[in-house]
Number of protein chains: 2
Amino acid sequence: MKQNIYDLDIFFSGYFNLRKNESGLNLVLEEPAMDSLLPDLQGIDVLDAGCGFGKQCRFFSESGVNSVTGIDISEKMIGFAQENNSAKNITYLQTALEDAVFPRESFDLVVSSLAFHYVEAYDRLVDDIFNWLKPGGRLIFSVEHPIATAKPEQQWIIDEAGQKMYWPIDQYSIEGPRSTKWFVDDVIKYHRTIQTYVNTLIDQGFRLIRILEPVPSDEFIIGRPDLEQFLRRPAFLLISVQKR
Amino acid sequence: MKQNIYDLDIFFSGYFNLRKNESGLNLVLEEPAMDSLLPDLQGIDVLDAGCGFGKQCRFFSESGVNSVTGIDISEKMIGFAQENNSAKNITYLQTALEDAVFPRESFDLVVSSLAFHYVEAYDRLVDDIFNWLKPGGRLIFSVEHPIATAKPEQQWIIDEAGQKMYWPIDQYSIEGPRSTKWFVDDVIKYHRTIQTYVNTLIDQGFRLIRILEPVPSDEFIIGRPDLEQFLRRPAFLLISVQKR
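Our subject in this report is the structure included herewith.

The two copies are related by a screw motion: chain A maps onto chain B through a turn of 180° and a shift of 0.0 Å along the axis, at an RMSD of 0.0 Å. Between the two chains, the operation in question is that of a two-fold axis. The rotation axis passes nearest to the C-alpha of P168 of chain A in chain A, at a distance of 2.4 Å. When the interface residues of chain A are mapped onto chain B, 100% of them again fall at the interface, so both copies present the same face.

Here it is as structure tokens:
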């Protein structure tokens with residue numbers, strides 16, 4: 001079953017506050033890494049798969065693209081996006097990634113931020129996106145790093161003084177659902193190995209352009225020693241590929 | 001300084017016994033994965049970078065290749081290879097990988113088994129190998145997985161009953177030397193992230209063909225429950241790339 005935690009009230013408000021204060025991990029780790037992978041945006045057609053509040057759609061809209069399509073499973077997210085991040089060249093659609101339907105060769109660029117690890121059938125999604133992309137088009141996505149999702153608890157091992165000792169790995173090669181707690185209980189994430197993330201793309205006919213395991217830049221670490229933990233274990237994995 | 005632990009008597013005898021009894025990890029995890037990545041061997045010129053006892057060179061020699069060149073830093077290894085795994089189409093050379101010199105476009109295939117994590121200047125080695133390969137040629141190599149090398153101890157965390165609880169990660173994004181114990185103290189391995197392993201190859205002009213994080217096959221696990229641990233954390237990373 002497709003998961004829509006974002007429409008639960010408790011989740012939506014927690015997540016909204018997390019993203020609003022702009023000090024979350026997305027801002028310091030995931031977004032700069034994603035931006036560094038973007039191609040020239042002039043005149044292109046973009047799909048944002050799992051667009052959430054529409055912040056990235058708005059950024060694209062103001063960066064010279066021809067069109068942006070934002071899809072998200074959450075009615076609340078799409079509602080917020082339509083109200084706060086609309087523009088003439090943006091279309092928002094409420095749909096699960098797995099149910100989305102677009103004509104072949106609709107987009108030059110598909111981006112997806114931290115959504116694919118909620119999708120069970122990664123291979124089918126990759127197949128869909130390949131079809132939606134024009135020849136030479138790119139897919140750029142981020143997921144929670146397999147090192148982060150292997151063990152469902154997603155917690156550091158702490159010593160008696162409360163210090164982080166190390167990040168535990170287990171069941172790395174046993175792919176499948178992990179039930180974890182994030183604002184609400186029983187958030188299901190699908191753990192996959194790096195081998196699966198990459199080889200599925202190559203088998204589909206994509207060419208690998210880049211893999212990133214982003215770390216906070218020095219400027220961020222100086223102000224926020226709490227970020228140093230992301231030198232100790234990677235939080236995100238980003239992959240950029242091109243349709244040949 | 002280039003490291004040559006293999007010529008220390010204590011190391012050589014320990015390693016020799018490890019490989020001789022053929023029940024080590026190499027046999028059940030690394031070698032099948034490496035074999036699965038090999039291209040058609042008929043009539044090609046192969047370099048085995050870090051050839052050790054020459055077992056793989058001999059396999060190539062008997063598999064229809066035109067020539068095999070095996071290089072290794074260890075005089076003892078090369079001596080053993082020359083004595084036990086010689087053939088008309090095999091040339092063994094004692095040299096560090098970092099000091100090897102070959103004409104441009106000498107090889108169709110460069111393989112390297114569990115050697116690159118001993119090399120400090122990975123980027124320079126990748127540059128050399130790119131030059132030694134003919135256009136369309138492949139580099140296929142294995143290293144200890146970055147999940148395995150991040151923390152120098154390379155040990156499971158064990159509970160009071162001696163059971164493996166989890167594999168610890170730390171300092172993942174801090175690349176560089178790790179001093180560990182393997183038959184002898186102070187074996188230096190160079191930890192690198194997956195991002196570095198992959199992007200260095202792409203920047204050089206290679207096209208990624210495959211990433212493997214091998215697990216033992218069911219047939220091996222049934223006979224050897226001790227291997228189940230390699231479903232819990234990956235031991236090896238294999239990468240196959242092609243010169244464009």
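So that's the structure; there's more coming.
All right, on to the sheet that holds strand β2 (residues 67–72) of chain A then. Residues and elements named next belong to chain A. Strand order in the open sheet made by the seven strands is β3-β2-β1-β4-β5-β11-β10, with mixed pairing throughout. Looking at strand neighbours, the two that pair on one side only are β3 (90–94) and β10 (206–212), the edges of this open sheet. If you compare each strand with its neighbour and ignore which way they point, the axes differ by 15° on average. The pairing of strand β1 (residues 45–49) with strand β4 (residues 107–113) spans three bridges and is classified as parallel. The residue of β4 that forms the bridge with L47 is V110. Together, β4, β5 (133–144), β10 and β11 (236–243) form the strand contacts of helix α2 (residues 25–37), whose direction differs from that of β11 by roughly 20°.

It is worth spelling out the environment of V101 of chain B at this point. Mapped onto the fold, V101 of chain B is located in the loop between β3 (90–94) and β4 (107–113). Separated by 28 residues in the primary sequence, V101 of chain B and I129 of chain B place their C-alpha atoms 9.8 Å from one another.

All names here are of chain B. Read from one edge to the other, the open sheet built from seven strands follows the order β3-β2-β1-β4-β5-β11-β10, with strand pairing classed as mixed. This sheet does not close on itself; its edge strands, each paired only once, are β3 and β10 (206–212). Ignoring strand direction, the axes of neighbouring strands in this sheet form an average angle of 15°. Bridge count between strand β5 (residues 133–144) and strand β11 (residues 236–243): seven bridges; the pairing is antiparallel. Note on β11: the bridge partner recorded for F141 is I239. Its contacts with the sheet place helix α2 (residues 25–37) against β4, β5, β10 and β11, and it is angled at close to 20° to β11. Set on the sheet, helix α4 (residues 75–84) makes contact with β2 (67–72) and β3; between it and β3 the angle comes to about 160°.

Listed by partner, the interface residues are 35 residues for chain A and 35 residues for chain B. A combined buried area of about 3,000 Å² lies between chain A and chain B, and 53% of that area is made up of carbon and sulfur atoms. The three residues of chain A that bury the most area against chain B are Y166, I169 and E213 of chain A, which together make up 18% of that side's buried surface. We note a salt bridge from D170 of chain B to R232 of chain A, for which the minimum N-O separation is 2.6 Å. Our count for the contact surface shared by chain A and chain B stands at 22 residue pairs in polar contact (both at pLDDT 80 or more). Of all the secondary-structure elements, those providing two or more residues to the side of chain A that touches chain B are β7 (164–169), α7 (194–204), β10 and α9 (229–232) of chain A. Here the residues of the side of chain A that touches chain B sort into 21 nonpolar, five polar and nine charged. Two elements, β7 of chain A and strand β7 (residues 164–169) of chain B, share three bridges in a ladder whose sense is antiparallel. Opposite I169 of chain A, over in β7 of chain B, you have W167 of chain B as the bridge partner.

Mapped onto the secondary structure, I5 of chain A falls in the segment before α1 (9–20). Assessed through its relative accessible area of 6%, I5 of chain A is described here as buried.

The subject of this paragraph is unusual backbone geometry. All names here are of chain A. Of note in this structure, L114 is not a glycine but carries a positive phi near 55°. Topologically, L114 is positioned in the loop between β4 and α5 (122–132). Of note, the phi angle at Q154 is positive, near 50°, even though the residue is not glycine. For Q154, a relative accessible area of 18% puts it in the buried group.

A full pass over the atoms with the stated rule returns zero disulfides over all chains. Left unpaired, C57 of chain A is separated from the closest cysteine sulfur, that of C51 of chain A, by 4.7 Å.

It is worth spelling out the side chain of Q154 of chain A at this point. All names here are of chain A. Counting through the fold element by element, Q154 comes out in the loop between α6 (146–149) and β6 (157–158). Polar side-chain contacts of Q154 include one of 2.8 Å to the side chain of K189. Residues in contact with Q154, not counting those within four places in the same chain, are E144, A148, T149, W167, T180 and K189.

Rules of the game
The numbering scheme is per chain: residues are counted from 1 as the chain's sequence reads. Starting at A for chains and at 1 for ligands, labels are handed out in the order in which the entities are written. With the structure being a predicted model, the display of local features is reserved for residues of pLDDT at least 70 and the display and counting of side-chain atom pairs for 80 or more, all residues being used for whole-chain, interface and lining totals. The basis for the side-chain values is all heavy atoms of the structure; hydrogens and waters are excluded. Residues below a pLDDT of 70 in either copy are left out; the C-alpha atoms of the rest, at least 70 in both, set the least-squares superposition of the copies. The criterion used for residue contact is that any of the two residues' heavy atoms lie within 4.5 Å. When DSSP locates at least two bridges between a pair of strands, those strands are taken to pair. Strands here mean DSSP runs of E at least two residues long; helices mean DSSP runs of H or I at least four residues long; both are numbered from the N terminus. Helix axes are fitted only over the stretch in contact, all axes being lines through C-alpha atoms; the angle between N-to-C directions runs from 0 to 180 degrees. Buried surface area refers to the total accessible area, computed with a probe of radius 1.4 Å, that the two partners give up upon joining, counted for both partners together. The working definition used for a salt bridge is a side-chain nitrogen of Lys or Arg within 4 Å of a carboxyl oxygen of Asp or Glu. Polar contact is the term for a pair of N or O atoms within 3.5 Å; when the atoms are in protein, one must be able to donate a hydrogen and the other to accept it, and sequence-neighboring residues count only if both atoms are side-chain atoms. Polar here means any residue outside two lists: the nonpolar Ala, Val, Leu, Ile, Met, Phe, Trp, Tyr, Cys and Pro, and the charged Asp, Glu, Lys and Arg; Gly therefore counts as polar. Burial here depends on accessible area, computed with a 1.4 Å probe over protein chains only, as a share of the maximum for the residue type. Under 20% is buried, over 50% is exposed, and the range in between is partly exposed. Count a disulfide wherever a pair of cysteine sulfur atoms falls within 2.5 Å.

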